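If you want the building blocks of each chain, they are given just below.
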Amino acid sequence: MKEIKAYVHRSRIADVIAALKDSPAWGGARGGRRHNLAVYIVKGSLLPLDSDEKHYAMDLGDEVVNEYKLELLCEDSEVEALSAALTDAARTGQAIAGWITVIDVVSATPIH
């Protein structure tokens, strides 16, 4: 099992979630397998797309951008397809529009 973490611009988050849910690895429109997807608003250092994205964080003492962090648990065989869907949907035209990391999960136990 793997955990995919991604940092994307706020303007891309809705398209990213839709692309993940439409991915054959997710189960597509058929509803298929359930995945654990968590989305958080975080302060980060992505280059802003426009001046509205950039603001000064007093607690950090620097300019930051509100971006979204996604965390997704998936099977090893689904990583490539889900990462590709995420990458395609998160593009902004910038050289670096975010980051995707994939981490091995030692254990994942569903709570019933």
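What comes next is a walk through the structure. What you see as residue numbers is a count from 1 along each chain, following the sequence as written. In keeping with the model being predicted, local features are shown solely for residues with a pLDDT of at least 70 and side-chain atom pairs are shown and tallied solely at 80 or more, while totals for entire chains, interfaces and linings include all residues. Side-chain numbers come from the whole structure's heavy atoms, not from hydrogens or water.

### A look at the pattern of salt bridges
Put simply, the test is: We define a salt bridge as a contact between a side-chain nitrogen of Lys or Arg and a carboxyl oxygen of Asp or Glu at a distance within 4 Å. A 1.4 Å probe rolled over the protein chains alone gives each residue an accessible area, and that area as a share of the maximum for its type sets the label: buried under 20%, exposed over 50%, partly exposed in between.
Evaluation of the coordinates by the stated rule reveals four salt bridges. A salt bridge links lysine 69 to glutamate 71, with the shortest nitrogen-to-oxygen separation between them at 3.1 Å. We classify glutamate 71 as buried; its relative accessible area is 18%.

### Some thoughts on the packing of helix 1 (residues 13-22) against helix 2 (residues 79-90)
To keep it simple, the criterion reads: Working convention: axes come from line fits to C-alpha atoms, limited for helices to the stretch in contact. Angles between N-to-C directions cover 0 to 180 degrees. Counting from the N terminus, the helices are DSSP H or I runs at least four residues long and the strands are E runs at least two residues long. Orientation labels follow simple angle bins: below 35 degrees gives roughly parallel, above 145 gives roughly antiparallel, 65 to 115 gives roughly perpendicular, and whatever is left gives oblique. In this scheme, a crossing is called left-handed if the near helix is turned counterclockwise away from the far one by less than a right angle; it is called right-handed if the turn is clockwise. We call two residues contacting when some pair of their heavy atoms lies within 4.5 Å. Any residue that is not Ala, Val, Leu, Ile, Met, Phe, Trp, Tyr, Cys, Pro, Asp, Glu, Lys or Arg is counted as polar, Gly included; the first ten are nonpolar and the last four charged.
Where helix 1 contacts helix 2, the two axes come as close as 8 Å, and the packing angle between them is 150°. In this view, helix 1 runs roughly antiparallel relative to helix 2, as classed from their interaxial angle. The handedness of the crossing between helix 1 and helix 2 is right-handed. Here helix 1 contributes Asp15, Val16, Ala19 and Leu20 to the contact with helix 2, which in turn contributes Leu82, Ala85, Leu86, Ala89 and Ala90. For the contact of helix 1 with helix 2, the class distribution of residues is eight nonpolar, no polar and one charged.

### Notes on the nonpolar core
Keep this limit in mind: Grouping buried Ala, Val, Leu, Ile, Met, Phe, Trp, Tyr and Cys residues that are joined through side-chain atoms within 4.5 Å yields what is termed a nonpolar core.
Grouped together as the largest cluster of nonpolar side chains are 16 residues, with contacts concentrated most on Val8, Val16, Leu20, Leu82 and Leu86. If you tally residues by element for this core, the top one is helix 2, at five residues. Once residues lying within four places of it in the same chain are set aside, the contact partners of leucine 20 are Trp26, Leu37, Leu70, Leu72, Leu82 and Leu86.

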